[in-house]
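Each chain is listed here by its residues.
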Amino acid sequence: MEEQPAYETILLDRADGIAWVTLNRPDRLNATTERMHHELLDAFARVAEDGSSRVLVLTGAGDRAFCIGSDLGFLTEVLDGEETDSDLFAAYLERLNQVVFALERMPVPTIAMVQAKARASGFEMVVACDFVVIAEEARIGDVHTPYGHMPGAGATHRTVRKIGLQPAMELLMTGRWLSAAEAVDKGLALRAVPRERLREETTLFARTLADIPGDCLRHLKAAVMGGLGRTVEEAVAVETSEYLALLRSSSGPVDGFRAGQRERALRRAGPASGTETGVTRPAQGVGPPP
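Cut-off values and rules
Residues numbered from 1 in each chain as written. Predicted model: local features only at pLDDT ≥ 70, side-chain atom pairs only at ≥ 80, totals over all residues. Heavy atoms only, no water. Pairing = 2+ DSSP bridges. Helix = DSSP H or I, 4+ residues; strand = E, 2+ residues; numbered from the N terminus. Axes fitted to C-alpha atoms, helices over the stretch in contact; angles between N-to-C directions. Contact = heavy atoms within 4.5 Å. Parallel < 35°, antiparallel > 145°, perpendicular 65-115°, else oblique. Left-handed = near helix turned anticlockwise from the far one by under 90°. Nonpolar A, V, L, I, M, F, W, Y, C, P; charged D, E, K, R; others polar. Phe/Tyr/Trp six-rings, centres within 6.5 Å; stacked < 30°, edge-to-face > 60°. Buried < 20%, exposed > 50% of the residue type's maximum accessible area, 1.4 Å probe, protein only. Lys NZ or Arg CZ within 6 Å of the ring centre and 35° of its normal.

A. Here's a closer look at the sheet that holds strand E2 (residues 18-23). With mixed pairing, the six strands of this open sheet are ordered in space as E1-E2-E3-E5-E7-E10. The open sheet is flanked by strand E1 (10-15) and strand E10 (191-193), the only strands paired with a single partner. Averaged over all neighbouring strand pairs, the angle between strand axes comes to 20°, with direction disregarded. When strand E3 (residues 55-60) meets strand E5 (residues 110-114), the two strands line up parallel, connected through four bridges. Following the sheet pairing, Leu56 is matched in E5 by Thr110. Sheet strands touched by helix H8 (residues 198-210): E2, E3, E5, strand E7 (131-135) and E10. Its angle to E5, the strand with the most contacts, is close to 175°.

B. Spatial organisation of the packing of helix H3 (residues 86-104) against helix H4 (residues 121-128). Between H3 and H4, whose axes approach to 8 Å, the crossing angle comes to 25°. In terms of orientation, H3 and H4 fall into the roughly parallel class. Along this stretch, H3 crosses H4, giving a crossing that reads as right-handed. For the pair H3 and H4, the contacting residues are Leu96, Val99, Val100, Leu103 and Glu104 in the first and Ser121, Glu124, Met125 and Ala128 in the second. Here the residues of the contact of H3 with H4 are counted per class, giving six nonpolar, one polar and two charged.

C. Layout of the sheet that holds strand E9 (residues 178-179). Read from one edge of the open sheet, four strands run E4-E6-E8-E9, paired in mixed fashion. Only two strands of the sheet have a single neighbouring strand rather than two, namely strand E4 (65-67) and E9. Relative to E9, strand E8 (residues 139-141) runs antiparallel, the two being bridged by two bridges. Counted as the bridge partner of Ile140 is Leu178 from E9. This element, H4, spans E4, strand E6 (117-119) and E8 of the sheet and lies at about 95° to E6.

D. Region of interest: the packing of H4 against helix H5 (residues 155-163). Two elements in contact, H4 and H5, have axes whose closest approach is 10 Å; the angle formed by their N-to-C orientations is 45°. When the interaxial angle is binned, H4 and H5 end up oblique. Read as a crossing pair, H4 and H5 show a hand that is left-handed. Residues Phe123, Glu124, Val126, Val127 and Ala128 of H4 touch H5, and the partners they reach there are Ala155, Arg158, Thr159 and Lys162. Residues that form the contact of H4 with H5 fall into these classes: five nonpolar, one polar and three charged.

E. Summary view of the packing of aromatic side chains. Tallied over the entire structure, the rule returns four aromatic pairs. A centroid spacing of 4.1 Å and a plane angle of 25° characterise the contact between Phe74 and Tyr92, whose relative ring orientation is stacked. Separated by 18 residues along the polypeptide, Phe74 in helix H2 (residues 72-79) and Tyr92 in helix H3 bring together distant segments of the chain. On the basis of relative accessible area, Tyr92 is assigned to the buried category, the value being 1%. Taken together, a centroid distance of 5.0 Å and an interplanar angle of 90° make the contact between Phe131 and Phe205 edge-to-face. One end of the pair, Phe131, is in strand E7; the other, Phe205, is in helix H8, with 74 residues separating them in the sequence. Taking relative accessible area as the criterion, Phe131 reaches 26% and is therefore assigned partly exposed. Given the relative accessible area of 14%, Phe205 is considered buried. Three or more aromatic residues link up through ring pairs in this structure, and these residues are Phe74, Phe89 and Tyr92. The ring of Trp177 has Lys117 lying over it, and the distance from NZ or CZ to the ring centre is 5.5 Å.

The structure is reproduced here in structure tokens:
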């Protein structure tokens, strides 16, 4: 296994097909900094390129915050002088958006494991993930407007895309927090579980995804993301293109079809025949393509 890199603000652990990226500034509520941006970009690139990680989980260290937003020291530098340093802030937002886009464009499924508060850039990273598993005790929200600010890393688009125009506008404009239950109800989180079971439940879900045979999830995700904002005809063309690319680049579809054929042959022959031949049953859900 490739040696795990040493970072100052995050942790990267890879095992059993799952990459765990942890925002690791618990004393600062995992607030984002320039260094964290660069380290996240490096970690995401490593996971995308290494080929062994089939799922990425993003979480925060400690039990106080997943990520509370941008570091207060940086915001003080930008906003608390005689004049606002908008050029410095523009460069910061550009790199923050690079991070969020890199997360959203990961070729493997991504899961935000939200153990505590996620707001501002923390919220924006959460809504960029494919799935969110949240502790029942946690809360999430953009929470910019109560301080006279607005989102700058995609929340205005991604929140609307995930929950619809009016619910998103209400959430963004009021800047209120959502409970875990409300986040699930609105579709911003997949499920809420007690904090003491969060890691276990997230790991089980991640392993389910990591155990899917072949490269089908990479191409399926590319089809879903590539079809957003397109007409039905255009989106289906993207899907078809990805399916054909999967067939041409991976043995997974052939292996899955043959495993399904062996399973059907065993069912027809009866359990005794399977015992005699020693044929192994395929993974659950493996079968022929449509």
